[in-house]
2 protein chains.
Amino acid sequence: MITPNRTERVVVVGADAAGMSAAHQALRSARADGRTIEVVVLERTSDTSYSACGMPYLISGTVASEDELIARTPERHRELGVDLRLDALVTEINTEKRTVTYANSAGVSEAVDFDKLVLATGAHPVIPPWAVDGNGDLTPGILPVKNLEDARQWLGLVVPEESSDSESTRTTRHAVVVGAGYIGVEMAEAMVDRGYETTLITRSSVMSNLDEDMSARVHSALVEGGVRVVPECTVVSIGNVDGRVHSLTGSNGETYLADVVVLGLGVRPATELGAAAGISVGDFGGYLPDENQSVAENVWAAGDCCEVIDRITGTRTFAPLGTHANKQGRICGYNVVGGKQQFAGVLSTAITRFTNPSVHVEVGRAGLSSDAAIAAGFSPESLVTVGGTASGYMPERSPIATKIIADRRSRRLLGVQIVGGRNSAKRIDTAAAALWGQMTVDDLASMDLSYAPPFATVWEAVQLAARRLADRL
Amino acid sequence: MITPNRTERVVVVGADAAGMSAAHQALRSARADGRTIEVVVLERTSDTSYSACGMPYLISGTVASEDELIARTPERHRELGVDLRLDALVTEINTEKRTVTYANSAGVSEAVDFDKLVLATGAHPVIPPWAVDGNGDLTPGILPVKNLEDARQWLGLVVPEESSDSESTRTTRHAVVVGAGYIGVEMAEAMVDRGYETTLITRSSVMSNLDEDMSARVHSALVEGGVRVVPECTVVSIGNVDGRVHSLTGSNGETYLADVVVLGLGVRPATELGAAAGISVGDFGGYLPDENQSVAENVWAAGDCCEVIDRITGTRTFAPLGTHANKQGRICGYNVVGGKQQFAGVLSTAITRFTNPSVHVEVGRAGLSSDAAIAAGFSPESLVTVGGTASGYMPERSPIATKIIADRRSRRLLGVQIVGGRNSAKRIDTAAAALWGQMTVDDLASMDLSYAPPFATVWEAVQLAARRLADRL
């Protein structure tokens, strides 16, 4: 279907971090080569390039307007040369005929040919059966926090009506957050900020990608911050009043009042289109790009729809994060116009916090947990050290608990976890850099890190933990 | 002079970070081996194990009492088994006879035999000729910030007398800080905190181990914070009133009022004792330990009296910092009882800040400056990127300027410098880890660093700079 001598066309499906990074990088790289290409981006919603990670802070009221979450408007993308088509729901891709079929904003089916295709379709929120009615529609009051439309709906739920400001009409509002990963913890913060009595229910433990002893520290901080935390519990049913959620009943037999319910159960790769076109998906349901992010001839994929390589184990994992989406999108942009850039894998590095006037806790992690290390065939040894973010005599000092995990035989650093107060968790990047370089626990213990009394202890907290573990191995 | 079968004796000269780390590690390591050793520490002052880096914060009033700077008291050292002798001025060491001679607190000469000797004699502040009278005594009002005795004198100078609190007797007090390295900048903060009109004079530029463009950012912040900064100026003479300093005249012909003068001109290794005993010193005047910190048979050295190996150039440098002193002291402690631990070199990583209600600036650096990279035979390419410490829509966001320096041919990362607002500079540790691992600018650009809106941008600031430089190389 390719017309000879026409301008090469790159079609991108999905217009958030991965897709738009790919689109703009392709345009830039082509321009640098003195070539002209056409880049069409098809997006099923009417939003582009927004910070999904910022949505809890929009919902909490920390961020005043959704406009602030928009990195680039549709107009700006178009000015920069992208043929951006919003409200365009892709229904089929055909990798042999090189066509993408979509329903346009008027609901009319259209097709566009491509020379190169980038799949950046992201992920779907996990929606449990108890959250939907017989038609598969979410029960009012129950919502995920996946896209900007969700955030708008959240604002409608949490911002009190004017009339409710009078003392007489105020009643206690109850929120239940289901799932205690990053989104769960951040939404718990938002719900407490909005004045809800907040319950956090998790099937396992709080932030279960931490080791249990570190998870317990986060758990305690959440309780201190006013959150009722219910671990080892799943939701078995909901109670409705007037068609809206009113309560949840857990596997522990308890019933929890719930004017609103946050679905923070994670996401699964949105790979239906590619799978229907014969593109392989893996154990996590994600595409399986090669090191150049290619998934088929003339087809690349980037972002949350992809599985990734864990740099420590060398095996595939699923790590749906904006950092990877941006990097992979950019790599696709290079490669669709002839580049050979490679994605170098992930360490599952992550950071979050829970803060309010009662408590401030920060959490960082990188690499393998102890359980993951055992599962990968390592012989992990670990310890936790509690230090300070500044010298003991400085007012800036807050506590920082660091867990270091290393392989007993090779002394290789496998993972680091941090739970601490203000200015603690970003130190995880030091560990991430050491993990990236496949360093040993001895390397981390001996490296030349920065010290001055307002910023650190003379043995930097992460390093102190590494030194103690090095002594023990 | 060794009596057969007596307990092995380790003598340490100097009782701050390096010396006491060595003393305690030697005791611990011997104990772990089931051996008993005797550890004698000779200290010329009456202070041990205090945070020299904390002194500007004691002088500013941030730290309420000098006791808070004491990591371990003399009593505690003795309880832990160290034979600590204070006010013991060592006058001679003899490495053949294995004796150390010292004047005790009563001024009486004593000698102690050693089996193993650790030199941890630190460094002397650089005292310029204009600061002293004909007898070599400091003119009253002029002081360095080297040891705890200096800090006590500073408190006597800067804390206002009770009587001066009345409005009528208040007059403007003037401070001049000479030298704009770390101590200079930190003491400028302290002087402004104490209400002095503060002038900072430097022979070159502010924090001259930064590249000029980054130094200029610090300079501007200091001015914004109320400091008069006078670069490219040396002091040529002082004016006295009643035997106290009253003003300084610079090489620029200007005269500056000065009720107090801070000497922040750096330090030189205190190696007289070893040099007199035939132990080599290097171009910087420091001892030249091998990788095990040994400087002669049965003699080791640690801390500010030593030169160190720059890990990037492989050549010797002088980097008098508590972080190295602690690490080297510990290594000596292992090695004097038979260990073979190695010191792995330095990156000249450092961090500081200047803060008051008008401005908050943080500075971090690691590796080579552009000039140092050229001097070492590299072909440095660099750029500066200004980013944010948090997502643009978060209230935590402050600016962060990052300079990345890499070798054009090998793409190896050579140095990183950060100047920014609150929570910016500690990110230098990520760069330090990458430099430690001899990574390329591409490694830093692609590594998996942590992101969440309150903590970073989706391309972490340091990484964004690396990516842009990688694109340019």
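Everything quoted here is computed from the prediction, not taken from an experiment.

**Digging into the overall build of chain A**
No. 1: Across its full length, chain A carries 12 helices and 26 strands.
No. 2: Expected size for 473 residues packed as a compact globule is a radius of gyration near 23 Å; at 24 Å, chain A falls within 12% of this value.
No. 3: When contacts within chain A are restricted to residue pairs at least 6 apart in sequence, those whose partners lie at least 24 apart make up 62%.
No. 4: Carbon together with sulfur atoms contributes 47% to the accessible area of chain A, which is approximately 18,300 Å² in total.
No. 5: The averaged location of the 57 negative side-chain charges in chain A is 6 Å from the averaged location of its 42 positive side-chain charges.

**Looking at the sheet that holds strand β14 (residues 244-250) of chain B**
Adjacent strands of a sheet pair through backbone hydrogen bonds, lying either parallel or antiparallel.
All names here are of chain B.
No. 1: With antiparallel pairing, the 3 strands of this open sheet are ordered in space as β13-β14-β15. Looking at the sheet topology across the chains shown, the edges are occupied by β13 (235-241) and β15 (255-257). Strand-to-strand, the axes of this sheet are offset by a mean angle of 30°, without reference to chain direction.
No. 2: Where β13 meets β14, 6 bridges bridge the pair, whose relative direction is antiparallel. Bridge pairing in β14 links N240 to V245.

**Structural notes on the pattern of salt bridges**
No. 1: Counting across every chain of the model gives 40 salt bridges over all chains.
No. 2: Ionic pairing is found between R152 of chain B and E66 of chain B, a salt bridge with its closest N-O pair at 2.8 Å. Residue R152 of chain B is found in helix α4 (residues 148-158), and its partner E66 of chain B is found in the loop between α2 (55-60) and α3 (74-79); the two are separated by 86 residues along the sequence.
No. 3: For E66 of chain B, a relative accessible area of 23% puts it in the partly exposed group.
No. 4: R411 of chain B is the salt-bridge partner of D442 of chain B, the closest N and O atoms lying 2.8 Å from each other. One end of the pair, D442 of chain B, is in helix α11 (residues 441-446); the other, R411 of chain B, is in the loop between β25 (399-407) and β26 (413-420), with 31 residues separating them in the sequence.
No. 5: Each member of the salt-bridge network shares a partner with another, and the members are E8, D33, R35 and K116 of chain A.

**Topic: the interface of chain A and chain B**
No. 1: In this complex, chain A contributes 60 residues to the contact, which on the side of chain B involves 60 residues.
No. 2: Both faces considered, chain A and chain B share a buried interface measuring about 5,000 Å² in area, 62% of it formed by carbon and sulfur atoms.
No. 3: Counting the surface chain A buries against chain B, the share from its top three residues, Y393, D448 and F455 of chain A, is 16%.
No. 4: Across the chain A-chain B interface, the total number found is 6 salt bridges.

**Concerning the relation of the copies chain A and chain B**
Here the second copy of the chain follows from the first by a rotation about an axis and a shift along it.
No. 1: Once chain A has been moved 0.0 Å along the axis and rotated by 180°, it coincides with chain B to within an RMSD of 0.0 Å. Taken together, the rotation and translation relating the two chain copies correspond to the operation of a two-fold axis. Taking C-alpha positions as reference, the residue of chain A nearest the rotation axis is T430 of chain A, located at 2.2 Å.
No. 2: Most of the interface of chain A is mirrored in chain B, where 100% of its interface residues are also at the interface.

**Some remarks on the packing of helix α10 (residues 428-436) of chain A against helix α10 (residues 428-436) of chain B**
Geometrically, a packed helix pair is captured by the angle between its two axes and the distance between the axes.
No. 1: One can describe the packing of α10 of chain A onto α10 of chain B by two numbers: an axis separation of 8 Å at closest approach and a directional angle of 15°. In terms of orientation, α10 of chain A lies roughly parallel with respect to α10 of chain B. Once α10 of chain A is placed against α10 of chain B, the crossing between them reads as right-handed. Listed contacts from α10 of chain B to D429, T430, A433 and A434 of chain A of α10 of chain A are D429, T430, A433 and A434 of chain B.
No. 2: Residues of the contact of α10 of chain A with α10 of chain B, tallied by class, amount to 4 nonpolar, 2 polar and 2 charged.

**Quick look at helix α5 (residues 182-193) of chain A**
All names here are of chain A.
No. 1: Between the first and last C-alpha of α5 there are 17 Å, a value that for 12 residues agrees with the 16 Å anticipated at 1.5 Å per step.
No. 2: Among the residues of α5, those classed as buried are G184, V185, E186, M187, A188, E189, A190 and M191.
No. 3: Phi turns positive one or two residues past the end of α5, at G195, with a value near 90°.

**Concerning the UniProt feature "domain: Pyridine nucleotide-disulphide oxidoreductase dimerisation" (unreviewed entry) in chain A**
No. 1: Taken from the UniProt record, the annotation "domain: Pyridine nucleotide-disulphide oxidoreductase dimerisation" (unreviewed entry) applies to residues 360-458 of chain A.
No. 2: Across residues 360-458 of chain A one finds 21% helix and 34% strand; the C-alpha atoms that close the span lie 24 Å apart.

**Points about the pairing of β26 of chain B**
All names here are of chain B.
No. 1: Along β26, 8 of the 8 residues are buried, which leaves the element largely enclosed by surrounding structure.
No. 2: Alignment of strand β23 (residues 359-367) against β26, held across 6 bridges, turns out to be antiparallel. Along β26, the bridge assignment pairs G364 with I418.
No. 3: Note: β25 against β26, 7 bridges, orientation antiparallel. Bridging across to β26, A401 finds its partner in V419.
No. 4: Between β25 and β26, which pair antiparallel and follow one another directly, the connecting turn spans 5 residues, one of which, R411, has a positive phi of 65°.

**Some details on the nonpolar core**
No. 1: Judged by nonpolar contacts, the single largest core of 68 residues is most densely connected at I404, L444 and M447 of chain A together with I404, L444 and M447 of chain B.
No. 2: If near-sequence neighbours (up to four positions away) are discounted, L444 of chain A is found in contact with I404, L413, T430, A434, V462, Q463 and A466 of chain A.

**Some thoughts on the side chain of T355 of chain A**
Residue and element names in this part refer to chain A.
No. 1: Along the chain, T355 turns up in strand β22 (residues 350-356).
No. 2: Separated by 2.9 Å, the side chains of T355 and H360 make a polar contact.
No. 3: Apart from the residues lying within four places of it in its own chain, the contact partners of T355 are E189, D193, H360 and R422.

**A few points about the domain arrangement of chain A**
All names here are of chain A.
No. 1: The domain architecture assigned to chain A consists of domain 1 (8-49 + 65-123 + 269-336), domain 2 (129-160 + 170-265) and domain 3 (350-472).
No. 2: Placing the centre of domain 1 and that of domain 3 at their C-alpha centroids yields a distance of 36 Å.
No. 3: For the domain 1 and domain 3 pair, buried surface summed over both sides reaches about 580 Å², with 65% attributable to carbon and sulfur atoms.
No. 4: By the criterion of area lost to domain 3, the three top residues of domain 1 are R311, I312 and T313, representing 90% of everything that side buries.
No. 5: There are 0 salt bridges connecting domain 1 and domain 3.
No. 6: Across the contact surface, domain 1 and domain 3 share 1 residue pair in polar contact (both at pLDDT 80 or more).
No. 7: Of the residues belonging to the side of domain 1 that touches domain 3, the class tally is 1 nonpolar, 1 polar and 2 charged.

**Digging into unusual backbone geometry**
No. 1: The backbone of M207 of chain B sits at a positive phi, close to 45°, despite the residue not being glycine.
No. 2: Structurally, M207 of chain B is set in the loop between β11 (196-201) and α6 (212-224).

**Quick word on the environment of A270 of chain A**
All names here are of chain A.
No. 1: When you line up the elements, A270 lands in the loop between β17 (267-269) and α7 (272-276).
No. 2: Along the primary structure A270 and E96 are separated by 174 residues, whereas in three dimensions their C-alpha atoms are 21 Å apart.
No. 3: For A270, the contacting residues outside a window of four places in its chain are T121, G122, A123, H124, Y287 and C305.

**Describing the packing of aromatic side chains**
Residue and element names in this part refer to chain B.
No. 1: Within the structure shown, the criterion is met by 0 aromatic pairs over all chains.
No. 2: In this structure, R311 is placed above the aromatic ring of W436, and the distance from its NZ or CZ to the ring centre is 3.7 Å.
No. 3: R467 extends its terminal NZ or CZ atom over the ring of W459, reaching a point 4.5 Å from the ring centre.

**Digging into the packing of helix α1 (residues 17-32) of chain A against helix α8 (residues 322-336) of chain A**
Residue and element names in this part refer to chain A.
No. 1: Packing of α1 against α8 leaves a shortest axis separation of 7 Å and a crossing angle of 35°. In the crossing of α1 with α8, the sense of the turn from one axis to the other is right-handed. In this structure, α1 uses A17, A18, S21, A22, Q25, A26 and S29 to contact α8, whose residues at the interface are A325, N326, G329, R330, C332, G333, Y334 and V336.
No. 2: Each residue belonging to the contact of α1 with α8 can be placed in one class, and the counts come to 8 nonpolar, 6 polar and 1 charged.

**Describing the state of the cysteines**
No. 1: Taken as a whole and assessed by the stated rule, the structure comprises 0 disulfides over all chains.
No. 2: Its sulfur unpaired, C306 of chain A is 4.2 Å from the next cysteine sulfur, which belongs to C305 of chain A.
No. 3: For C332 of chain B, which is in no disulfide, the shortest distance to another cysteine sulfur is to C306 of chain B and amounts to 7.0 Å.

**Focus: the side chain of S60 of chain A**
Residues and elements named next belong to chain A.
No. 1: On the secondary structure map, S60 appears in helix α2 (residues 55-60).
No. 2: According to the relative accessible area criterion, S60 is buried, its value standing at 9%.
No. 3: A polar atom in the side chain of S60 sits 2.9 Å from the side chain of T62.
No. 4: Apart from residues no more than four positions distant in its own chain, S60 is found in contact with A190, D193 and R194.

The rules behind the values
- Residues numbered from 1 in each chain as written.
- Chains lettered and ligands numbered in written order.
- Predicted model: local features only at pLDDT ≥ 70, side-chain atom pairs only at ≥ 80, totals over all residues.
- Heavy atoms only, no water.
- Helix = DSSP H or I, 4+ residues; strand = E, 2+ residues; numbered from the N terminus.
- Rg over C-alpha atoms; globule rule 2.2 N^0.38 Å.
- Contact = heavy atoms within 4.5 Å.
- Areas by Shrake-Rupley, 256 points an atom, 1.4 Å probe, with all protein chains shown as cover.
- Lys, Arg positive; Asp, Glu negative; His and termini not counted.
- Charge placed at Lys NZ, Arg CZ, Asp CG, Glu CD.
- Pairing = 2+ DSSP bridges.
- Axes fitted to C-alpha atoms, helices over the stretch in contact; angles between N-to-C directions.
- Salt bridge = Lys/Arg side-chain N within 4 Å of Asp/Glu carboxyl O.
- Buried < 20%, exposed > 50% of the residue type's maximum accessible area, 1.4 Å probe, protein only.
- Buried area = accessible area lost by both parts, 1.4 Å probe.
- Least-squares fit on C-alpha atoms with pLDDT ≥ 70 in both.
- Parallel < 35°, antiparallel > 145°, perpendicular 65-115°, else oblique.
- Left-handed = near helix turned anticlockwise from the far one by under 90°.
- Nonpolar A, V, L, I, M, F, W, Y, C, P; charged D, E, K, R; others polar.
- Expected span 1.5 Å × (residues − 1).
- UniProt positions renumbered as here; feature names shortened; annotations may be inferred.
- Core = buried A, V, L, I, M, F, W, Y, C linked by side-chain atoms within 4.5 Å.
- Polar contact = N/O pair within 3.5 Å; in protein donor to acceptor, adjacent residues only side chain to side chain.
- Domains from an automatic or database assignment.
- Phe/Tyr/Trp six-rings, centres within 6.5 Å; stacked < 30°, edge-to-face > 60°.
- Lys NZ or Arg CZ within 6 Å of the ring centre and 35° of its normal.
- Disulfide = S-S within 2.5 Å.

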